[in-house]
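Now for the letters of each chain:
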Amino acid sequence: MNRAAVYLNRRLEGQAYADLWTREQYAVGPGGFTQLPQFVVIPQSTEDITRTLKFCWQLAEKGTQLPVVARGSGSDATGAAQTHGAAMDLSQLSGVEEYDGKQGLLRMQAGATIASCQAFLSQYDQELAVDFGNFEQNRAAATIGGAIAGNKFAYDSGAVDAIDRLEVVLSNGTTIETGYLSRRDVEQKKQLTGFEGEIYRGIDTIYEEYVDTISMLSNQALPSGLGYPGIGQLRDEKGGMDLTPLFVGSQGTLGIISEIIMRVGPKAQFSGGMAIKLAHGGAMYRAAEDVLGLEPTQAAILAGSFAYIADASGRMPADFGAVSSDDAIMVCRWDNVPERKMSKIFKRIAQLFQDFPEGMLQLIEDESDVLWCQLQSLQEFAVARDERGFVPKFFGRMAVPSLDGNDFRSRLGRIEAAQKVTLPWRYDMNSGEIYFYPVCHNEKLVDRQGMMGLLMAVSEVVQSVNGVVVASGGEGQIKAATAFKAVSDAEMALHEAIRALFDPHRILQVAAKRPVQATTIMRQIGPGGA
């Protein structure tokens, strides 16, 4: 048996497993991305995480590296949950521990599922005060710790503001608590002699050395989730500091989140929705800004043959009738809107589209949230139209500034023609985030080459219109193969400086969030699907 696993089993409440069957259960991620861990640790407490990381730190000081990757449900599509080192499964740390109704706070362990947290809060007619956006993948099993570490929230939704504080185990086993500290409290932290003191002093140094780069990241027209963009949110004008933003989207590379306190709010009440099918969808994109002026809670456009493929698969709602490959569908929903105002919204939408000829336009009012739910499910099921193929999740969570104008769409059309693929896509109107749903294969090397070539081509188109390849969700290992191509040397140096401060011995998820060759990723994608 693995000697490290034996050592840990003598010291943990939980268990370390080194048998091949268990290791194989943690080896394969969505899309077949595969790295076989040396062993698997399933902690039963924060102390187990601490003991494991202390052990790995001691090994590193003696010249032996044993990287650790924390994971929840393992649904991350970018390879951030895979490792050749130790896989740490936090799913047993699943307690929803304390609800404070007066302050509107919920405390839970990192392995608690989003579904269990929401179910617990529903008895108080409350919900987590954060927008999970399009995070539908494995929603029942997805953990709150994984959502935070992977930034699986609606893009640019201010998710950090919903987090009151985090308990984080650092790479040497030290446990810290994030949360806002006044300038005086920050100065006291800097006086600490241990690793926590080093962190706070090191943040000061990073701000001094990379002030221009941090300013650039903080003022991007479209915020990027690449690297550690939260560095620009740590300090306020009074000298106070909160480390929380650094850990959102860090994908376990700066520390392991063990406990979370989040803000909650009243449960949203559905008020109404509308779906709009428009032939020759270019006009749909021009109308998007006007529809957004009506402040929908959620709004999306399904295009790029999405509707046509869904209809051919038998998954399109019957209300839409016949669908062609040129059709686009806009679907919107509103929460907490009075009935009278909702009626005015429906009338205004009808006015916005009144000039379209009969036969080109179809408006369907939704009074029960049925259409939104149906169209959400389409993206997961209807596009998988090839029984040998699958839809890689890492083609999602990019962002573009606008769809108004043909350049972006025409470039996608050229990719489709050149690579003989179909690129259905979904555009989140509120945030600008875009998801692509190509059907790919990975049985042969040529299939994997084609898949990575397609990812690189799509990424280049997104970047060519001033979009970002990593909006939410993180780059992990797979998207790192394309996302870092547009990063300056100064920005790369900043990200590495942050990482070196928190993980000087390269213990935490060493492979993710770093530039990597596409050929390296191809070799680690095996047969199978998502």
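It should be noted that the structure appears before, not after, this text.
Computed from a predicted structure; not experimentally measured. (Residues numbered from 1 in each chain as written. Predicted model: local features only at pLDDT ≥ 70, side-chain atom pairs only at ≥ 80, totals over all residues. Heavy atoms only, no water.)

**Student:** Is there a simple way to explain the overall build of the protein chain in this structure?
**Tutor:** Scanning the protein chain from N- to C-terminus turns up 18 helices and 17 strands. Relative to the globule expectation of 24 Å for 530 residues, the C-alpha radius of gyration of the protein chain, 23 Å, shows essentially globular dimensions. Here the protein chain holds 530 residues, and 57% of them are scored as buried. A sequence separation of at least 24 residues applies to 75% of the contacts in the protein chain between residues at least 6 apart. Just so you have it, the protein chain exposes about 22100 Å², and 46% of that area is on carbon and sulfur atoms. With 49 positive and 63 negative side-chain charges, the protein chain shows a separation of 4 Å between the mean positions of the two kinds. (Helix = DSSP H or I, 4+ residues; strand = E, 2+ residues; numbered from the N terminus. Rg over C-alpha atoms; globule rule 2.2 N^0.38 Å. Buried < 20%, exposed > 50% of the residue type's maximum accessible area, 1.4 Å probe, protein only. Contact = heavy atoms within 4.5 Å. Areas by Shrake-Rupley, 256 points an atom, 1.4 Å probe, with all protein chains shown as cover. Lys, Arg positive; Asp, Glu negative; His and termini not counted. Charge placed at Lys NZ, Arg CZ, Asp CG, Glu CD.)

**Student:** Please clarify how the side chain of Q126 should be interpreted in this entry.
**Tutor:** Its place among the elements puts Q126 in strand β7 (residues 126–128). With near-sequence residues (within four places) excluded, Q126 lies in contact with Y99, L121, V264, G265, P266 and K267.

**Student:** It is not clear to me how the environment of I199 should be interpreted in this structure. Could you clarify?
**Tutor:** Within the secondary structure, I199 is located in helix α7 (residues 195–209). Sequence-wise, I199 and N442 are 243 residues apart; in three dimensions their C-alpha atoms are separated by 42 Å. Apart from residues no more than four positions distant in its own chain, I199 is found in contact with L170, L243, L501 and F502.

**Student:** Explain helix α17 (residues 489–502) here, please?
**Tutor:** Helical periodicity: at 3.6 residues per turn, an α-helix aligns residues three or four positions apart in one direction. With 14 residues, α17 should reach 20 Å at 1.5 Å per residue; the first-to-last C-alpha distance of 20 Å fits that figure. Taken together, the buried positions of α17 are E491, M492, L494, H495, A497, I498, R499, L501 and F502. If you follow the buried residues of α17, they end up packed against α7, α8 (211–218) and α9 (244–247). (Expected span 1.5 Å × (residues − 1).)

**Student:** How do you make sense of the packing of aromatic side chains when you look at a structure like this?
**Tutor:** Given two aromatic rings, their pairing is described by the distance between the two centres and the angle made by the two planes. If you walk through the whole model with that rule in mind, you get seven aromatic pairs. Ring geometry for Y7 against F55: centres 4.5 Å apart, planes inclined by 20°, an arrangement best described as stacked. Highlighted residues: Y7 in helix α1 (residues 3–9) and F55 in helix α3 (residues 46–61), separated in sequence by 48 residues. Under the relative-accessibility criterion, F55 is labelled buried at 9%. Members of the aromatic cluster, connected to one another through ring pairs, are Y99, F120 and Y124. The ring of Y7 carries the charged tip of R11 above its face, separated from the ring centre by 3.6 Å. Here the basic side chain of K513 rests over the ring of Y228, its NZ or CZ set 5.3 Å away from the ring centre. (Phe/Tyr/Trp six-rings, centres within 6.5 Å; stacked < 30°, edge-to-face > 60°. Lys NZ or Arg CZ within 6 Å of the ring centre and 35° of its normal.)

**Student:** When you look at the sheet that holds strand β1 (residues 15–17) in this model, what are you seeing that I'm missing?
**Tutor:** Remark on secondary structure: sheet strands pair via backbone hydrogen bonds, oriented parallel or antiparallel. In space, the four strands of this open sheet follow the order β1-β2-β4-β3, with mixed pairing throughout. Of all the strands in the sheet, the pair left with one neighbour each is β1 and β3 (68–71). On average, each strand axis in the sheet is tilted by 20° relative to the strand beside it, whichever way the strands run. Where β3 and strand β4 (residues 86–89) come together, four bridges link them in parallel fashion. (Pairing = 2+ DSSP bridges. Axes fitted to C-alpha atoms, helices over the stretch in contact; angles between N-to-C directions.)

**Student:** Sorry if this is basic, but what is going on with the sheet that holds strand β11 (residues 270–278) here?
**Tutor:** If you trace the seven strands from one edge of the open sheet to the other, you get β14-β11-β13-β12-β16-β17-β15, paired in antiparallel fashion. Because the sheet does not close on itself, it has two edges, and the strands there are β14 (361–366) and β15 (398–399). Packing of helix α12 (residues 339–352) onto the sheet brings it into contact with β11, β13 (328–335) and β14, and relative to β11 it is tilted by some 10°.

**Student:** Got a minute to help me understand the pairing of strand β2 (residues 39–42) in this structure?
**Tutor:** Successive side chains on a regular strand alternate, one facing one side of the sheet and the next facing the other. Burial of the side chains of β2 extends over both faces: F39 and V41 are buried on one face and V40 and I42 on the other. Pairing geometry for β1 and β2, over three bridges, is antiparallel. Paired with Y17 across the two strands is V40, which belongs to β2. When β2 meets β4, the two strands line up parallel, connected through three bridges. Paired with F39 across the strands is A86, a residue of β4.

**Student:** Would you mind showing me how to read the nonpolar core here?
**Tutor:** In globular proteins that are soluble, nonpolar side chains generally tend to be buried together. Among the nonpolar cores identified, the biggest contains 78 residues, and L128, I203 and I231 are the most heavily contacted of them. Ranked by residues supplied to this core, first place goes to α3 with seven residues. Those residues in contact with L128 that lie beyond four places of it in its chain are L106, M108, C117, Q118, L121, I144, M262, R263 and V264. Residues I345, F484, A518 and I521 belong to the second largest nonpolar core, which totals 64 residues. (Core = buried A, V, L, I, M, F, W, Y, C linked by side-chain atoms within 4.5 Å.)

**Student:** Help me out: how do you make sense of the packing of α7 against α17 in this one?
**Tutor:** Each pair of packed helices gets described by two things: the angle between the helix axes and the distance between those axes. α17 packs onto α7 with a crossing angle of 165° between their chain directions and a minimal axis gap of 9 Å. In terms of orientation, α7 lies roughly antiparallel with respect to α17. Between α7 and α17 the crossing geometry is right-handed. Residues F195, E198, I199, G202, I203 and I206 of α7 form the contact with α17, whose own contacting residues are L494, A497, I498, L501 and F502. (Parallel < 35°, antiparallel > 145°, perpendicular 65-115°, else oblique. Left-handed = near helix turned anticlockwise from the far one by under 90°.)

**Student:** Help me understand the packing of helix α14 (residues 407–419) against helix α15 (residues 445–464), please; the structure alone is not making it clear to me.
**Tutor:** Following both chains from N to C, one finds α14 and α15 inclined at 165°, their axes separated by 10 Å at the closest point. Classified by the interaxial angle, the pair formed by α14 and α15 is roughly antiparallel. By crossing handedness, the relation of α14 to α15 is classed as right-handed. Residue-level contacts link F408, R411, L412, I415 and Q419 of α14 to G450, G453, L454, A457, V458, V461, V462 and S464 of α15. Tallied by class, residues from the contact of α14 with α15 come to eight nonpolar, four polar and one charged. (Nonpolar A, V, L, I, M, F, W, Y, C, P; charged D, E, K, R; others polar.)

**Student:** How do you make sense of the environment of A268 when you look at a structure like this?
**Tutor:** As for its placement among the helices and strands, A268 is situated in the loop between β10 (256–266) and β11. We classify A268 as partly exposed; its relative accessible area is 28%. Along the primary structure A268 and A221 are separated by 47 residues, whereas in three dimensions their C-alpha atoms are 30 Å apart. Residues in contact with A268, not counting those within four places in the same chain, are E127, D335 and N336.

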